[in-house]
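# Architecture and fold: a report
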Amino acid sequence: MTRFIMNRRRLLTTGAALGVSTLAAPSILRAQSAPVKLAGIHASPVENAWNSVLHAAMVAADAEGVIEYTFSEGVSGTDYPRAMREYAEAGNVLIVGESYAVEREARQVAADYPDTAFLMGSSGEASGDNFGVFGTWNWEAAYLAGMLAGRMTQTGIVGSVGAIPIPEVNMLINGFADGVKRTNPDAQHLVSFIGTFFDPPKAREAGLAQIDAGADILFGERIGTADAAQERGIPAIGSLIDYTPRYPETVFANALWSFRPLVNAALADAVAGNPVGKNYTPLSLMKDGGNDISFVSSMVPAEAVAEMEEVRAAIKAGEFEVPRNFDEPA
């Protein structure tokens with residue numbers, strides 16, 4: 001267990017996730033006389049993009065005095081239930097993690113600790129009163145990024161590098177592809193999965209293979225993809241966090257996601273004694289501040305930006321719904 005200390009991960013806590021500084025905690029949490037104990041269990045290092053978004057949201061809440069945040073990272077599937085039990089025994093009000101690889105075991109732990117709230121990244125449904133779930137819904141922002149890519153590609157071929165074809169990853173890549181098709185119906189979309197959630201060298205190799213196959217823009221669902229784009233001098237799109245500061249000449253847009261609306265809601269429910277056994281994923285919608293696009297205007301044609309901004313406004317106004325497609329990309 002690691003008590004949060006501001007250290008080498010400062011980048012992850014200062015704007016790495018969308019809206020960290022603007023999505024304040026609900027009043028029920030600010031009214032607490034002492035911070036709420038919250039634990040994070042990360043299967044990957046917190047440098048991994050997905051985990052870094054969760055980590056940044058909880059670090060921000062810790063800095064505000066809303067929670068007392070303790071976390072573990074790089075926790076293996078075989079060790080995950082033990083970590084969950086230890087944090088429950090330690091009196092944490094809410095435990096945040098990911099049950100994708102340990103669904104049965106994680107749900108059993110939650111059943112054994114009915115007075116502890118759990119909020120887990122999962123492809124399954126919520127269960128009981130204390131096992132809430134969430135998915136990563138930044139596919140709306142990926143769609144907008146795809147619109148830009150469709151206008152910018154010179155070869156007519158774009159590529160996406162993903163982790164594993166689970167529904168959330170599929171929806172994100174499909175969202176990007178649909179955006180590309182909106183502005184460039186004849187474009188070809190290459191897709192590669194690296195078979196794991198964190199392997200930057202493998203993502204780089206997959207990206208290089210797509211470039212060799214003609215792709216001149218890469219969408220990096222996985223960290224490491226932009227390394228291939230930078231190496232070959234082509235533009236790239238980041239996902240979940242803002243990669244542009246790391247790759248200023250390469251990453252022209254990012255499909256950002258924020259975990260803060262979700263953890264705020266789950267914490268408020270847990271503190272109020274309300275059941276958390278529900279799906280918090282819809283709070284990731286763009287209209288709720290859960291995801292959005294960032295882009296570098298100097299790297300994108302003005303006409304492409306104008307076209308994209310019209311759709312962006314329609315999404316936020318509830319006038320256009322980006323298709324949700326959980327199928328594995330062809």
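In this report, the structure presented in the accompanying data block is examined. (Residues numbered from 1 in each chain as written. Predicted model: local features only at pLDDT ≥ 70, side-chain atom pairs only at ≥ 80, totals over all residues. Heavy atoms only, no water.)

Moving on: the packing of aromatic side chains. Centre distance and the angle of the planes are the two values used to describe a pair of aromatic rings. What the rule picks out here adds up to twelve aromatic pairs. Geometrically, the ring pair formed by tyrosine 143 and phenylalanine 320 is tilted, given 5.7 Å between the ring centres and 45° between the ring planes. With tyrosine 143 in helix α6 (residues 139–152) and phenylalanine 320 in the segment after α11 (302–316), this residue pair connects regions lying 177 residues apart in the sequence. A residue is classified by how much of its surface remains accessible, and phenylalanine 320, at 28% relative accessible area, is partly exposed. Of note, arginine 182 hangs over the ring of phenylalanine 320, and the distance from its end group to the ring centre comes to 5.2 Å. (Phe/Tyr/Trp six-rings, centres within 6.5 Å; stacked < 30°, edge-to-face > 60°. Helix = DSSP H or I, 4+ residues; strand = E, 2+ residues; numbered from the N terminus. Buried < 20%, exposed > 50% of the residue type's maximum accessible area, 1.4 Å probe, protein only. Lys NZ or Arg CZ within 6 Å of the ring centre and 35° of its normal.)

What follows covers the pattern of salt bridges. Enumeration over the complete set of coordinates arrives at 16 salt bridges. Close ionic contact of aspartate 292 with arginine 312 constitutes a salt bridge, the shortest N to O distance being 3.0 Å. One end of the pair, aspartate 292, is in strand β12 (residues 291–295); the other, arginine 312, is in helix α11, with 20 residues separating them in the sequence. Assigned by exposure class, aspartate 292 and arginine 312 land together as buried. If you follow the salt bridges from partner to partner, you end up with Asp292, Glu309, Arg312 and Lys316 in one network. (Salt bridge = Lys/Arg side-chain N within 4 Å of Asp/Glu carboxyl O.)

Burial within strand β4 (residues 94–98) is extensive, with five of its five residues counted as buried. Burial along β4 is two-sided: the face carrying Leu94, Val96 and Glu98 and the face carrying Ile95 and Gly97 are both buried. Of the strand pairs in this sheet, strand β2 (residues 36–42) and β4 are connected by three bridges, and their pairing is parallel. Paired with leucine 38 across the bridge in β4 is leucine 94. (Pairing = 2+ DSSP bridges.)

Next up on the list: α11. Here α11 is 15 residues long and its end C-alpha atoms lie 21 Å apart, about the 21 Å a rise of 1.5 Å per residue gives. Every buried residue of α11 is accounted for by Ala304, Val305, Met308, Val311, Arg312, Ala314 and Ile315. Taken together, the buried residues of α11 touch α6, α7 (167–183) and β12. At the exit of α11 stands glycine 318, carrying a positive phi of roughly 75°. (Expected span 1.5 Å × (residues − 1). Contact = heavy atoms within 4.5 Å.)

With respect to the helices, strands and loops of the structure, isoleucine 166 is situated in the loop between β7 (157–162) and α7. Along the sequence, isoleucine 166 and isoleucine 293 sit 127 residues apart, while their C-alpha atoms lie 23 Å from each other. If near-sequence neighbours (up to four positions away) are discounted, isoleucine 166 is found in contact with Tyr100, Ser123 and Phe197.

For the rest of this paragraph, the subject is the nonpolar core. Grouped together as the largest cluster of nonpolar side chains are 46 residues, with contacts concentrated most on Leu38, Ile67, Leu94, Val96, Phe259 and Val263. Ranked by the residues each element gives to this core, the list is headed by helix α3 (residues 49–63), at eight residues. Once residues lying within four places of it in the same chain are set aside, the contact partners of valine 263 are Leu38, Ala57, Met58, Leu94, Val96 and Leu119. Listed in part, the 36 residues of the second largest apolar core include Trp139, Ala142, Ile166 and Phe219. (Core = buried A, V, L, I, M, F, W, Y, C linked by side-chain atoms within 4.5 Å.)

For histidine 189, the location among the structural elements is in strand β8 (residues 188–193). Among the polar contacts listed, one links the side chain of histidine 189 to the side chain of serine 160, at a separation of 2.7 Å. If sequence neighbours within four positions are ignored, histidine 189 has contacts with Val158, Gly159, Ser160, Ile173, Phe176 and Ala177. (Polar contact = N/O pair within 3.5 Å; in protein donor to acceptor, adjacent residues only side chain to side chain.)

Attention shifts here to the environment of valine 102. With respect to the helices, strands and loops of the structure, valine 102 is situated in the loop between β4 and α5 (103–112). Placed 174 residues apart in sequence, valine 102 and valine 276 show a C-alpha to C-alpha distance of 19 Å. For valine 102, the contacting residues outside a window of four places in its chain are Gly77 and Tyr80.

Now for the sheet that holds strand β11 (residues 251–257). Each strand in a sheet pairs with another by means of backbone hydrogen bonds, the pair being arranged parallel or else antiparallel. Taken in spatial order, the six strands of this open sheet run β8-β7-β9-β10-β11-β12, and their pairing is mixed. The sheet is open, and its two borders are formed by β8 and β12, each paired with just one other strand. Across this sheet, the average inter-strand angle for adjacent strands is 15°, counted without regard to direction. Of the pairings in the sheet, the one linking strand β9 (residues 218–220) to strand β10 (residues 236–240) comprises three bridges and is parallel in character. Across the sheet, phenylalanine 219 pairs through a bridge with isoleucine 237, a residue of β10. Most of the contacts of α3 go to β10, to which it runs at about 45°, and overall it touches β10 and β11. (Axes fitted to C-alpha atoms, helices over the stretch in contact; angles between N-to-C directions.)

With that settled, consider unusual backbone geometry. Most peptide bonds take the trans configuration, and most residues that are not glycine carry a negative phi. Even without a glycine there, the phi angle at leucine 240 is positive, about 80°. Counting through the fold element by element, leucine 240 comes out in strand β10.

Each packed pair of helices is defined by two parameters, the angle between the axes and the distance between the axes. Remark: α6 packs on α7, axes separated minimally by 6 Å, with the N-to-C direction vectors making an angle of 35°. Pair α6 / α7 crosses with right-handed handedness. Together, Trp139, Ala142, Tyr143, Ala145, Gly146, Met147, Ala149, Gly150 and Arg151 of α6 and Met171, Leu172, Gly175, Phe176, Asp178, Gly179, Val180, Arg182 and Thr183 of α7 make up the contact between the two elements. For the contact of α6 with α7, the class distribution of residues is ten nonpolar, five polar and three charged. (Left-handed = near helix turned anticlockwise from the far one by under 90°. Nonpolar A, V, L, I, M, F, W, Y, C, P; charged D, E, K, R; others polar.)

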